[in-house]
Amino acid sequence: MAEISIRKLNKSFGETQILDQIDLTVRDGEFMTLVGPSGCGKSTLLRIIAGLESQTNGQVNISGQPVDQLRPKDRNLSMVFQSYALYPHLTVKENIATPIRMRSYCWYQRLPLLARVLPGAAERQSGIDSKVAAVAELLQIEHLLDRRPGELSGGQRQRVALGRAMVRDPAAFLMDEPLSNLDAKLRIHMRTEIAQLHKQLGTTFIYVTHDQAEAMTMSDRIALMMDGELLQVATPEEIYRNPVDVRVAEFIGSPKINLLPGEVNSAGRVTVCGQPLRVATQPRQTQIRVGVRPENATVCRAEQGDIQGQLIYLENMGAEFFAHITIDTLTEPMLVRCDVEQGQQLSLGATVGIRIKPKHTLIFNQSGRRVASEKIAAEVHHESVAV
Amino acid sequence: MNRQPSLLFRLFRHLVLMSGAMVMLMPFIWMLLTSVKPPDEIFSSELTLWPQHWYFIENYSEALTRIPLMKFLLNGIVVTATIFLCQVSIAVPVAYALAKMRFKGKKTLFAAVLFCLLIPPQAVSIPWYLLMYQFGWLDSYMALIAPFSISVFGIFLMRQFFMTIPNDLIYAARIDGFSELAIIWKVMLPTAMPALVSFGIFSIVAHWNDYFWPLIVLNSPDYYTPPLGLVNFRNDDTGNDYGPLMAAATIVITPLVGAFLLAQKRFIEGITLSGMK
Amino acid sequence: MNQSLSDVSPVLPRRTSRWRVYRGADQYERLLGWFLSLPATGLMLLFLIGPIAAVLLLSFTDWQLGMSAFEWIGLDNYAELFSDPTFWQSLKNTMIYVAIVVPGSVFLGLGAAMLIEAGKQGKSFYRAVYFLPVMATLIAMSIVWQVILHPDFGLLNLILKELGIAGPNWLQDSDLVLYVLCGIGIWQQVGFNLVLFISGLMSIPSHLYEAAEMDGASSAWDRFRLVTWPLLGPITLFVVVITSSKAFQVFDTVQVLTKGGPNKASEVLLYTIYTEAFEYFRTSYAAAITVVFLFFVLLLTLLKTRFLERKVHYS
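All values derive from a computational prediction rather than experimental measurement.

How each quantity is defined
- Residues numbered from 1 in each chain as written.
- Chains lettered and ligands numbered in written order.
- Predicted model: local features only at pLDDT ≥ 70, side-chain atom pairs only at ≥ 80, totals over all residues.
- Heavy atoms only, no water.
- Helix = DSSP H or I, 4+ residues; strand = E, 2+ residues; numbered from the N terminus.
- Contact = heavy atoms within 4.5 Å.
- Areas by Shrake-Rupley, 256 points an atom, 1.4 Å probe, with all protein chains shown as cover.
- Rg over C-alpha atoms; globule rule 2.2 N^0.38 Å.
- Buried < 20%, exposed > 50% of the residue type's maximum accessible area, 1.4 Å probe, protein only.
- Lys, Arg positive; Asp, Glu negative; His and termini not counted.
- Charge placed at Lys NZ, Arg CZ, Asp CG, Glu CD.
- Salt bridge = Lys/Arg side-chain N within 4 Å of Asp/Glu carboxyl O.
- pLDDT = per-residue confidence, 0-100.
- UniProt positions renumbered as here; feature names shortened; annotations may be inferred.
- Pairing = 2+ DSSP bridges.
- Axes fitted to C-alpha atoms, helices over the stretch in contact; angles between N-to-C directions.
- Domains from an automatic or database assignment.
- Buried area = accessible area lost by both parts, 1.4 Å probe.
- Nonpolar A, V, L, I, M, F, W, Y, C, P; charged D, E, K, R; others polar.
- Expected span 1.5 Å × (residues − 1).
- Parallel < 35°, antiparallel > 145°, perpendicular 65-115°, else oblique.
- Left-handed = near helix turned anticlockwise from the far one by under 90°.
- Polar contact = N/O pair within 3.5 Å; in protein donor to acceptor, adjacent residues only side chain to side chain.

Draft legend 1. Layout of the overall build of chain A. Along chain A, the regular secondary structure elements total ten helices and 22 strands. C-alpha atoms of chain A, sized along the principal axes, occupy 90 × 45 × 35 Å. Here the analysis covers contacts within chain A between residues at least 6 apart in sequence; of these, 66% occur between residues at least 24 apart. In the form shown here, chain A has an accessible surface area of approximately 17,100 Å², with 48% of it arising from carbon and sulfur atoms.

The structure is reproduced here in structure tokens:
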């Protein structure tokens, strides 16, 4: 187990900057997820930690020791790959045993024939066998040990890849989109399983994914990257409620956050589409964006809403409804969550009002940074009523 | 196309293909028949297909004793096997580097490989001969093997195959603690087995059957490969003795033809590979 | 679980041994790339790139094997070459050989491939039989052909005799000999082309034939014109180029059966190069012929490369 810290890390290929001044500390035993859209540099960062690629400058420390001069195998890390990267010509058992064989034997002990006659060979072999058996039991793949990767399903290969990573008790596990080749159902199942595995092992995990749902459900903390930049590092709860950047707010959460163009008057009051909201922030800003998550707004009678629009589509999710409402001055419809009862009463084409919960409204300035905002005490109090 | 062709067409198909097959097989059949006939039946002006007297033992033992045919076959095996081993041990590392490493000059090197693919070996036989002369290797195994130790075709083929192996597999092997040479021989090569087998067949067939180069560099029968030995046998004064000559020809083609008949699919893949060049 | 694993390796990263300086993955890859390419690069320079340059340079000198000095004589070798009737004979014979063997083996290969694929029985038997000459050592088979073509006791003339025809002396008749060699060349090449055509035919999706039939192409010829031939086009071009390049390199049968004779009636380029370079040791003159030979072969292979690049765009 180990703490992994990254200091002022840069990576560029010629002119292109892949990673820009990354500072990140992964605490001992933590499940840290690196999340971001494809091409944001998260996999490169993981490979730099593993030593598979080298940084242009900056430092990687494992347990306080700089490891930049160490080869991948000497960093004592395990890695699980998107394509699983199992050795196709070896059985499952041999695949899992490989990391320990390579580490606990020196070269002449690995020779094909000689190895068997060397003193101590039998004990070494039985030591390896028992470790492989323990891992196989934990992952419930005992019945697959003699097969080759080609004969396994995607989910089984995934488990074997995990087994190969677990077998030698590494300082940390690195996982590079390990679930993205699985079908949707299995992916959701494996989320839970990997999260539980982390609890059981108590080892540091660094997990790379482009799927914000995986990041939200599995992690202790999330590091959100975009365009080679580390935007925010926080717990799932925090990153959802308090995104520091409009790109973070957009990336996290499904369905996506609504972003409405707005302005701030001289008194500091936020207006959207010419309608004042009960939200105050720093005065005199133009071109701000107001972020409202679908669950932080309600549909109401037109005259009672903060803004008005036309209901064009109702998405029935079973347990809830999402109302798509177009607003005259905006290009994209706004998404608002309603409960089942209300959703069933709404009729398409109707003009409705939208009430925005001021407490959860997020204000982003011109450059996309989050600015502080607060609720203005209500002058008139009215309930949201179904249309 | 799913319906059954008419009986007439089926007969026609077999008739045409069968007569073609007879033409294809005729030299082989005649070779086998002649190799078991006594001289008076071979040199008869009457057409007799089946031998009246079997002269099998006489002809084949003559073929094996008059010339050191076994020695030639052994030479052929030694030379083709060594060439193939050299080609693999030189081509595989560079193919791996070309497919998976980032280094300066890689593009130039690959362009050079593609250029060399265009060179037929006969076109460089004069400089090769001069090189062998300079090194003092004329009339030796070295002369037969050295110029073929590099196979740009092998490099190209293995590189194409390695390109299809995901980088993750190499990364996994590095983290697991394989050295780079172990990655090449223990991870990449076993994964590329199908390509290697095809290349092996291609290389072995090409060099077992090669005549041009051995003809140029060899003088003494000690190093003769089977084709050269066979021609030499024919050129002998006694070479007009067709029975033993055909027996020798049969012996020379048997190893490859036999292997081909056992593993047709692999062989056809391997030989047609040369079409990719 | 954790206990059973904890003794495997130390938790802290280990040091790389002191005498190996490691400066990150990128530099390691760079050095490794060079290191792994070194043997192949050296041998390529020694045996392929260097020799090609040497042939070119030699053809402008008067050097012969054994001479200690040489002079640059510019295009003299080429001038001599172009005024040498043997060279023209040799070039002409090679062209005739190519012009007969290529269409012969391509059309026979295509026809046989289509017949084989048109039915069900005997597919792999026929394929193996037609491929057999490709596999068999050509030198050995040339000697067999010599026996078959023997004027008095050869199989061919004995059959002709049964039919009441007096067979010629196939390999000694200067009007016939080149065509006999062409026949052997076709016999040897058909199977190779056939196999390529079969793989081309198998890659034509069967629903195209169904579509053609729905569109009213009812006869076999219509289907051939509409589907088979256009889709086989690329592979046909490919087969033609390979076969031509092989035909240009004809040597084994000539050397074993005719030695270019009689009266240079079967003299071909590669055989001329061989005799000039390794029997008369007129090295620089042979180099000049090699350059001409190389010109034709490279022309063909460049055609093929151009074509292959196009094929990559298609897929």
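Draft legend 2. A look at the overall build of chain B. Secondary structure assignment for chain B yields 15 helices and zero strands. Whereas a compact globule of 277 residues would reach a radius of gyration of roughly 19 Å, chain B reaches 24 Å, over 25% beyond that. Projected onto its principal axes, the C-alpha positions of chain B cover 75 × 65 × 35 Å. Burial statistics for chain B: of 277 residues in total, 59% are counted as buried. For chain B, restricting intrachain contacts to residue pairs at least 6 apart in sequence, the fraction spanning at least 24 positions comes to 70%. The centroid of the 18 positive side-chain charges in chain B is displaced by 23 Å from the centroid of its 15 negative side-chain charges.

Draft legend 3. Local environment of the pattern of salt bridges. The full count for this structure, using the stated rule, is 25 salt bridges over all chains. Put simply, Arg7(A) and Asp23(A) hold a salt bridge, and the shortest N to O gap is 3.5 Å. Residue Arg7(A) is found in strand β1 (residues 4-13), and its partner Asp23(A) is found in strand β2 (residues 16-26); the two are separated by 16 residues along the sequence. In this structure, a network of salt bridges that share partners links the residues Lys11(A), Arg47(A), Glu53(A), Arg102(B) and Asp26(C).

Draft legend 4. Structural view of the confidence of the model for chain A. Residues and elements named next belong to chain A. Averaged over every residue, the pLDDT of chain A is 88; residues scoring 70 or more account for 93%. The secondary-structure element of chain A with the lowest mean pLDDT is helix α3 (residues 114-117), recorded at 63, while strand β3 (residues 31-35) shows the highest, at 96. Below pLDDT 50 for its whole length, residues 380-387 participates in 16 contacts with residues either more than four positions away or in separate chains.

Draft legend 5. Region of the structure containing the UniProt feature "transmembrane region" (unreviewed entry) in chain B. Residues annotated in UniProt with the feature "transmembrane region" (unreviewed entry) correspond here to residues 12-33, 72-97, 109-129, 141-162, 183-208 and 242-263 of chain B. Here residues 72-97 of chain B is 100% helix and 0% strand, with 38 Å between the C-alpha atoms at its ends.

Draft legend 6. Representation of the pairing of strand β4 (residues 57-62) of chain A in the model. Residues and elements named next belong to chain A. As defined by bridge partners, β1 adjoins β4 across five bridges and the pair is classed as antiparallel. Looking across to β4, one finds that Ile 4 is bridged to Ile 62. Summarising the sheet, β4 and strand β5 (residues 65-66) pair through two bridges and their orientation is antiparallel. By the bridge assignment, Asn 61 is partnered in β5 with Pro 66. The antiparallel pairing of β4 with β5 creates a hairpin that spans two residues between the two strands, and Ser 63 there sits at a positive phi of about 50°.

Draft legend 7. Expanded view of the sheet that holds β1(A). Residue and element names in this part refer to chain A. With antiparallel pairing, the four strands of this open sheet are ordered in space as β2-β1-β4-β5. The sheet terminates laterally at β2 and β5, the two strands that pair on one side only. In this fold helix α1 (residues 42-50) packs onto β1, β2 and β4, with an angle of close to 120° to the strand it touches most, β1.

Draft legend 8. Molecular detail of the domain arrangement of chain A. Residue and element names in this part refer to chain A. In terms of domains, chain A is made up of domain 1 (4-246) and domain 2 (259-375). Computed from C-alpha coordinates alone, the two centres of domain 1 and domain 2 are separated by 41 Å. Taking both partners together, domain 1 and domain 2 bury about 800 Å²; carbon and sulfur atoms supply 46% of that area. Interface area lost by domain 1 to domain 2 is led by Tyr 240, Pro 243 and Val 246, which between them contribute 60%. At the junction of domain 1 with domain 2, the criterion picks out one salt bridge. Between Asp 245 and Arg 369 there is a salt bridge, and its shortest N-O distance comes to 3.1 Å. For the side of domain 1 that touches domain 2, the residue count by class is four nonpolar, one polar and two charged.

Draft legend 9. View of the domain arrangement of chain B. All names here are of chain B. According to the domain assignment, chain B contains domain 1 (7-64) and domain 2 (69-276). Spacing between the C-alpha centres of domain 1 and domain 2 amounts to 33 Å. If you look at the interface, domain 1 gives 13 residues, while domain 2 gives 14 residues. Interface area for domain 1 against domain 2, summed over the two sides, is near 1,100 Å², with a carbon-plus-sulfur share of 82%.

Draft legend 10. Region of interest: the sheet that holds strand β12 (residues 269-272) of chain A. Residue and element names in this part refer to chain A. In space, the seven strands of this open sheet follow the order β21-β20-β14-β11-β12-β13-β22, with antiparallel pairing throughout. Two strands bound the open sheet, and with one partner strand each, they are β21 (370-371) and β22 (373-375). Relative to β12, strand β11 (residues 258-264) is paired through three bridges, and the arrangement is antiparallel. Following the sheet pairing, Glu 263 is matched in β12 by Thr 271.

Draft legend 11. Structural detail: helix α5 (residues 154-166) of chain A. With 13 residues, α5(A) ought to run about 18 Å at 1.5 Å a step, and its terminal C-alpha atoms sit 18 Å apart, in line with that. Of all 13 residues in α5(A), ten are buried, a share of seventy percent or more.

Draft legend 12. Layout of the packing of helix α4 (residues 85-118) of chain C against helix α8 (residues 177-202) of chain C. Residues and elements named next belong to chain C. Where α4 meets α8, the axes come as close as 6 Å, and the angle between the chain directions of the two elements is 40°. The angle between α4 and α8 falls in the class oblique. Once α4 is placed against α8, the crossing between them reads as right-handed. Class assignment for the residues of the contact of α4 with α8 results in 22 nonpolar, seven polar and one charged.

Draft legend 13. View of the interface of chain B and chain C. Between chain B and chain C, the contact holds 99 residues from the first and 97 residues from the second. Counting each side, the surface lost to burial between chain B and chain C is near 8,800 Å², with a carbon and sulfur contribution of 76%. The interface formed by chain B and chain C holds two salt bridges in total. Of the charged contacts, one joins Asp26(C) and Arg102(B) as a salt bridge, the two residues approaching to 3.7 Å between their closest N and O atoms. Where chain B touches chain C, the interface holds 18 residue pairs in polar contact (both at pLDDT 80 or more). Top contributing element to the side of chain B that touches chain C by residue count: helix α1 (residues 7-34) of chain B, with 17 residues. Here the side of chain B that touches chain C is built from residues that sort into 74 nonpolar, 14 polar and eleven charged.

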